[in-house]
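# Observations on the model geometry
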Amino acid sequence: MDKTQLLLAVSFGLFAIGLVGVIVRRNVLVMLMCMELMLNAVNLALVTFAQQGASAIGAVLVFLIFVVAASEIAIAIPIVLLLIRRGRTLDIGAYTALKG
Amino acid sequence: MSDAAVLNLVLYLPVLGIAALVVVPAQQYDLMRRLSLWVMVLQFILTAWLYVRFDNAAAGLQFETLLPWIPAWGVNYQIGLDGYNVLLVMLTAFLGPLVVAGAFSAIQKDVKLFYAMVFLIQFAMLGTFVAQDLFLFYLFWETMLIPMFLLIGIWGGERRIYATFKFVLYTAFGSILMLAAVIYLVYTLQSTTGVTSFAFAELYKAKLPVHAQTVLLIAFGLSFAIKVPMVPLHTWLPDAHVEAPTAGSVILAGVLLKMGTYGFMKLGFPLFPDATRLMIPAILTLSVISIIYGACLALVQTDIKKIIAYSSISHLGYVMLGLASLDLIGIQGAVIQMVSHGLTAAGLFLMVGMIYERCHTRELAAYGGLAKLLPVYSMFFMVLTLASIGLPATSGFTGEFLVLLGAFRGTWPAFVAGNSYPLVMSALAVTGVVLGALYMLRFAQHFLFGASRAPHEPLTDLVLREKLILAAIVVAIFALGLFPNEPMQKTEVAARQYQQLVSTARVPEAAP
Amino acid sequence: MGLLTLIVVLPLIGFLVNGLLGTRLAAAPLGKGVVTTVACGLPILSFLVAIKCFLDLLAGSGAPIVETAYVWTQVGQSHFDIAFYFDRLTAVMVLIVTGVGSLIHIYSTGYMKEDAGYGRYFAYLNLFLFFMLMLVLGRSLLVLFVGWEGVGLASYLLIGFWFEDPEKAAAGKKAFITNRIGDAGFLLGMFLLYFTFGTLDMDTINAAFLAGPAPAVSASLVGVLLFIGASGKSAQIPLHVWLPDAMAGPTPVSALIHAATMVTAGVYLVARMHGIYVHAPEASALIAGIGAATAFFAATIAVAQTDIKKVLAYSTLSQLGFMFVALGVGAYGVAVFHLYTHAFFKACLFLGAGSVIHALGGKQDIMHMGGLARRIPVTFVTFAIATAAIAGFPYMSGFFSKDEILWFAFASERGGSQFLYAVMAGTALLTSFYMFRLLWLTFLGTSRMDHETEHHVHESPLSMTAVLAVLAVLSAVGGFLPLPHFLEPVLPLAKAREELHAMEAPLMWAAVAVFAVGLAGAWLFFRANGALADRVAPPFAGLNRLLFNKYYIDELYDRVLGRPLVWISEHAFLGFGDRMVIDGSLNGLARLAQRSAGVLARVQTGNLQMYLLFVLIGSLACLAWGLRYV
């Protein structure tokens, strides 16, 4: 397997880990981290393709994703903090207000 | 102002009334009541004007308004009067002021909304009767649901939520089927003749194969049968009537139920004549079951409103019998019975409302000997009871007699040809006159005669407003009973047309 | 307005005036006079107009007078008119109705003087007269039916006149319902006639039947159906149960409605439509059979009754049976003759009973009467004359009419038989017996009244006794008018079998003998306050109870018809059909919708991770589908 395929495999593996982590892990902060992992996996895939095709678009997209991820984290963490302050637990199973 | 414009004014006057009501300041209840009454009286006067200007001999629509609305679908705004609806429109306009006046002392909360709902229902009912375009018809048919829902749900009795939901869901179920049938019908018309139109006149010409007609008849028929109501689709009626406020019951019994029979007469049967003829035995059976079953149930009720509710089922069974007889006398009788029932049921419900306002109970056992306590009330009650029973000289006799005679005459040829079932059904229907006397007289017995007993004695007899309302109804009942020729001349052309449409085969393979 | 319409409308005016203003007027001192004048004056006017029409009829060539008031309705080719028709038969009926009616109105002014419902009473009485006149003057079966139902209504209102007593009100309801059952049959017959002939005019239909036998519709079927209607109104078995209960009404009402006029409407109907029965031997046989059965059974019941009005009620049933027997054997004119004589003596008897009740302050039990002959002589004499008339005292009115009926029952070509004669003769014997029993127990012997009542006994006012006197005279001499022959142009007389003509005179003597035996028997058993009867009674206690309780027919009807109907309506229809099946399925559907919604709502766990998993699975499924198909 050449380098591109290896990199893509790593990217896919990271994405899978992130996805499964979001679904399975109950800790809110861990879920957030897994979502970051998914985003960065996508970043890796983009960089790989950008370098292969010598296209600048991929690199630009990576930077876009950096910015969006950062702002998303900047907003998500406070929201989660507020949520945790109300619910007093990091367990996602406790937050079922949307039930029914 | 041209007559067509007057008809439009009659139709939209309730909407203008709603607009006027909105302007009235809150808490000015008397002003609202007076305003509503005058709007309804004006509507009645205008309708009476159209009624006397109605040409008995003309075959088509009168006072017609035809405006294109959605040309791509063939939908027009087409309204007009003809023999089918002239009496029903007159009945609706006649009952309007009575409903409003009857509710003066009964409704004390949300008065503005109440009269707005009454206006909206009046608008919807009139629209259903005068619409000559299927799209328009369906629109008005559906419009009637929500105000009725609110009327029962807000100002009704204890179980009003259950009753109103039952009413709406039941009716809506039928309406959905009817919508599907309407779309299919117009689509078939378009694919077979290339004409895209929702107009009744065009739809009468549609040539559908018999199996399609049957399915469509069932779809339309279900919706109308729920409205009439025919057994076994009738159980919404007792609950709706009992829980509705007096005005609601009067509107329901007086006019709303006629929308079902009108639907059959104008749409259901003439649109699908071959299927209708095939299903005549079933229709006859259901009509006779309605007559007898309704009467038997009325016999054992303890709630006075329920007695009248079940009597409505019984009376409207006669109308369906008359329509199914396909005999001119029977059809005319059915039309008169529609109007007669509208008057008697409205009168009886108004009377129940009057006694309920005084005594706050609907239990028959709580009352007795009212003839002594309330002589004037009892006199009116007796007259309405006799009209309900079908005593000659009242409108009830005209309707029942002509229907039964027509049913016999219509089913006799079948009997001679070897099919005795229709005749047997007609003969069974005659037992309805005995059962009718049984339950109404039982009602009168407990209510008027015997030892005097009523909650909240001493009771005040009828006030002038109540006397005027009831006198109007009684005069109409006797007018229709003694001199029915005049109204019947107005509907004869339409009755003949209906008979023609249903009796002749629409598609060649269905011989009559 | 034509004269015939005037006859009908005059009492209607009385009803409207007294109905709307009567109660208020009667309270005022002079007002009562106004009520009386209006109430009695208008029937008398009707009577005078009727006489004028009658004279016109005789003066003319005998052709009936026809007047059309207006067209009730017109549907296509069929039209229904309100028209009136006056021929000899109508003349007899109208004169009886207005004549006897007016007399009873006058009598009522005395009888009902103290009653609070004075105005209402006369309004109803005038209403009755209006409908009855419409019935007999009507040209078509439709107009007759309007009058038919109308008199049922008036009867209902008048029987239940003292409505505060629930039993009395119930009696009125019973009358109306029983009549209605008959009316159902009547309607069926009417419909059959209508679409066979295209008209409901009785003269046209009758002529058509007489001209040629059995057209498209079976004459027997129509005959039976019309007879069902007639038996409802004229209280024949099995629809007779309302008449004795109808005695709950004021006595003049019983006299007018349930003796002289309304109950004879059935007889009138059959007589008018005799064209049908001429061609319907089965129907005629049925009529004769039921008439005989009613006559006999009613007479047996009358023997055991102790209420003065009930005895007379059963007597009326019995006499109506006689009339129907006459109709059944084709002697239509004779039936009307008996109707005519019966009107006089039965009205006189009822009004006499009313006088007795009035004298005794409301008591009606004959076991506690007696010795009244000397205290209320006018009542006694008139009552005695009427009793003799009904029992068949030679040359009194009842003798002539009953004798003719017995003769035709025996000898008529259309159904006369020895058996029929025997039954009717037996009934005549019983009639004589129980009527004289009534006379003895009520008026003769020594007083069995309690002290208070005895004190109260007084002769009735002139308004009552004058009427009694007039009716007694008519009962005595009314029979000399040869009515059957007078009616022959309209009602052809049946022919008696040739070979039996010799029996005519012996049968007449037999009739006299029957009268005498009945009288003697009554004298024997019931003189001295019924001493002999009391001695002989104990072994017959069971029979007595059976008769006293009218063979328990009312109870039978209740068990077999009344209660099952209510039970079926309540349990089968309402409980099972409506509630369980229909409403149950509806509510069940609603519950089903609710439950399935509840089940489906379990997907909404509120657990975020669940949702994400669903999103994942969904997107994978879409991808897979896309890869496969797109």
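Residues numbered from 1 in each chain as written. Chains lettered and ligands numbered in written order. Predicted model: local features only at pLDDT ≥ 70, side-chain atom pairs only at ≥ 80, totals over all residues. Heavy atoms only, no water.

## What about the overall build of chain B?
Within chain B, the secondary structure is distributed over 21 helices and two strands. Here the C-alpha radius of gyration of chain B, 22 Å, is about what a compact globule of 512 residues would show, namely 24 Å. If you line up chain B on its principal axes, its C-alpha atoms span 70 × 60 × 40 Å. Looking at chain B residue by residue over its 512 residues, the buried ones come to 67%. The contacts in chain B between residues at least 6 apart in sequence include a share of 81% that link residues at least 24 apart. Of the roughly 16100 Å² of accessible surface on chain B, 70% is carried by carbon and sulfur atoms. On chain B, the mean spot of the 27 positive side-chain charges and the mean spot of the 24 negative ones are 4 Å from each other. (Helix = DSSP H or I, 4+ residues; strand = E, 2+ residues; numbered from the N terminus. Rg over C-alpha atoms; globule rule 2.2 N^0.38 Å. Buried < 20%, exposed > 50% of the residue type's maximum accessible area, 1.4 Å probe, protein only. Contact = heavy atoms within 4.5 Å. Areas by Shrake-Rupley, 256 points an atom, 1.4 Å probe, with all protein chains shown as cover. Lys, Arg positive; Asp, Glu negative; His and termini not counted. Charge placed at Lys NZ, Arg CZ, Asp CG, Glu CD.)

## Examining the nonpolar core
The biggest cluster of nonpolar side chains holds 429 residues, and the ones touching the most others in it are Phe167, Phe401 and Phe447 of chain B. Judged by nonpolar contacts, the second largest core, of twelve residues, contains Val30, Met31, Met38 and Ala76 of chain A. (Core = buried A, V, L, I, M, F, W, Y, C linked by side-chain atoms within 4.5 Å.)

## Topic: the interface of chain C and chain B
Residue-level contacts link 46 residues of chain C with 58 residues of chain B. Each partner contributes to the roughly 4700 Å² buried at the junction of chain C and chain B, and carbon and sulfur atoms together form 75% of this total. On the chain C side of the interface with chain B, the three residues burying the most area are Trp72, Arg180 and Phe191 of chain C, jointly 15% of the side's total. Where chain C meets chain B, there are two salt bridges. One salt bridge connects aspartate 583 of chain C with lysine 166 of chain B, and the closest N-O pair in it is separated by 2.7 Å. Counting every contact that joins chain C to chain B gives 14 residue pairs in polar contact (both at pLDDT 80 or more). At the level of secondary structure, the elements contributing two or more residues to the side of chain C that touches chain B comprise β1 (65-75), β2 (78-86), α5 (141-159), α6 (166-197) and α24 (553-600) of chain C. Element by element, the count of residues in the side of chain C that touches chain B is highest for α6 of chain C, at 16 residues. A per-class count over the side of chain C that touches chain B returns 32 nonpolar, seven polar and seven charged. (Buried area = accessible area lost by both parts, 1.4 Å probe. Salt bridge = Lys/Arg side-chain N within 4 Å of Asp/Glu carboxyl O. Polar contact = N/O pair within 3.5 Å; in protein donor to acceptor, adjacent residues only side chain to side chain. Nonpolar A, V, L, I, M, F, W, Y, C, P; charged D, E, K, R; others polar.)

## Some points on the pattern of salt bridges
As enumerated under the stated definition, the model contains 24 salt bridges over all chains in all. With a shortest N-O distance of 2.8 Å, aspartate 239 of chain B and lysine 166 of chain B are connected by a salt bridge. Taken as a pair, aspartate 239 of chain B in helix α10 (residues 236-243) and lysine 166 of chain B in helix α7 (residues 160-193) lie far apart in primary sequence, 73 residues in all. You'll find aspartate 239 of chain B and lysine 166 of chain B in the same group, each marked buried. Overlapping salt bridges bring together Arg159, Lys166 and Asp239 of chain B together with Asp583 of chain C as one network.

## Here's the deal with the pairing of strand β1 (residues 62-70) of chain B
Residue and element names in this part refer to chain B. Pairing of β1 with strand β2 (residues 75-81) involves six bridges; the strand directions are antiparallel. Across the sheet, residue isoleucine 70 finds its bridge partner in β2, namely valine 75. Adjacent in sequence and paired antiparallel, β1 and β2 are bridged by four residues, among which glycine 74 carries a positive phi angle near 75°. (Pairing = 2+ DSSP bridges.)

## Considerations on the arrangement of the chains
With two pairs of chains in contact overall, the greatest share of contacts is found between chains B and C. Considering only C-alpha positions, the minimal separation of the non-contacting chain A and chain B is 23 Å.

## A few points about the packing of α5 of chain C against helix α10 (residues 251-260) of chain C
The geometry of a pair of packed helices is captured by two quantities: the angle between their axes and the separation between those axes. Residues and elements named next belong to chain C. At a minimum axis separation of 11 Å, α5 and α10 run at an interaxial angle of 155°. Considering the angle they form, α5 stands roughly antiparallel to α10. Our pair here, α5 against α10, has a crossing hand that is left-handed. The residues of α10 that touch α5, namely those facing Ser155, Leu158 and Ile159, are Val253, Ile257 and His258. Its residues placed into classes, the contact of α5 with α10 shows four nonpolar, two polar and no charged. (Axes fitted to C-alpha atoms, helices over the stretch in contact; angles between N-to-C directions. Parallel < 35°, antiparallel > 145°, perpendicular 65-115°, else oblique. Left-handed = near helix turned anticlockwise from the far one by under 90°.)

## What about helix α11 (residues 246-271) of chain B?
All names here are of chain B. For α11, spanning 26 residues, the distance from its first C-alpha to its last is 36 Å, which sits close to the expected 38 Å at 1.5 Å a residue. Largest kink in α11: about 45°, centred on phenylalanine 264. Within α11, 26 of the 26 residues are buried, leaving the element largely enclosed by the surrounding structure. (Expected span 1.5 Å × (residues − 1). Bend = angle between axes of the 7 residues up to and from the residue.)

## Some words on the environment of glycine 83 of chain B
Residue and element names in this part refer to chain B. Relative to the helices and strands, glycine 83 is located in the loop between β2 and α3 (86-102). Judged by relative accessible area, which is 10%, glycine 83 ranks as buried. Residues glycine 83 and tryptophan 141, spaced 58 residues apart in sequence, show a C-alpha to C-alpha distance of 20 Å. The contact partners of glycine 83, leaving out residues within four places of it in the chain, are Phe54, Lys490, Thr491 and Ala494.

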